[in-house]
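Next come the chains, spelled out residue by residue.
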Amino acid sequence: MPSISITWVAKLDERTCPICRALHGYTWRFQTGKDVLGDSLVHPQFGVVWTVAQGSKAHGHTNINCRCHLDFTLDLSDLAAKIQELHDQIQETYQVTTKL
């Protein structure tokens, strides 16, 4: 199944807070058609760390001082395999019905 991955990317320097440093590289994965991509990202240890309305909540407030960002990756590799499988099934069905 196609999936969407969202990775927390912190600016790793002396100003980076311990929470953002711990979140750096953490990835949430959502399978399309299976998982619900809501309006917030929840970390198992830190709880809600990002919302659509406020951005970063890693510090318990808005993103005024947070220099982190989210990277999004869309994986369609499984989709290509599913399309090929469907194509093969359609072609096989067509060949059977044309021989009748």
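A. Representation of the pairing of strand β1 (residues 3–9) within the structure. With six of seven residues buried, β1 lies mostly within the body of the structure. Strand direction decides the pairing type here: β1 and strand β2 (residues 27–31), joined by five bridges, are antiparallel. Note on β2: the bridge partner recorded for T7 is T27. For β1 and strand β6 (residues 69–75), the ladder comprises seven bridges, and the chain directions are antiparallel. Bridged to I4 within β6 is L74.

B. Representation of the state of the cysteines. One pass over the structure, following the stated rule, counts zero disulfides. The closest cysteine sulfur to the non-disulfide-bonded C17 is located on C20, 3.7 Å from its own sulfur. For C17, a relative accessible area of 18% gives the class buried. The closest cysteine sulfur to the non-disulfide-bonded C68 is located on C20, 3.3 Å from its own sulfur.

C. Structural detail: the pattern of salt bridges. Inspection of the entire model under this criterion finds one salt bridge. Between D13 and R67 there is a salt bridge; the shortest N-O distance is 2.6 Å. With a gap of 54 residues between them, D13 in the loop between β1 and α1 (18–23) and R67 in the loop between β5 (55–56) and β6 connect regions that are remote in the sequence. Given a relative accessible area of 28%, R67 falls into the partly exposed group.

What counts as what
- Residues numbered from 1 in each chain as written.
- Predicted model: local features only at pLDDT ≥ 70, side-chain atom pairs only at ≥ 80, totals over all residues.
- Heavy atoms only, no water.
- Buried < 20%, exposed > 50% of the residue type's maximum accessible area, 1.4 Å probe, protein only.
- Helix = DSSP H or I, 4+ residues; strand = E, 2+ residues; numbered from the N terminus.
- Pairing = 2+ DSSP bridges.
- Disulfide = S-S within 2.5 Å.
- Salt bridge = Lys/Arg side-chain N within 4 Å of Asp/Glu carboxyl O.

Worth remembering: the numbers are spatial, not functional.
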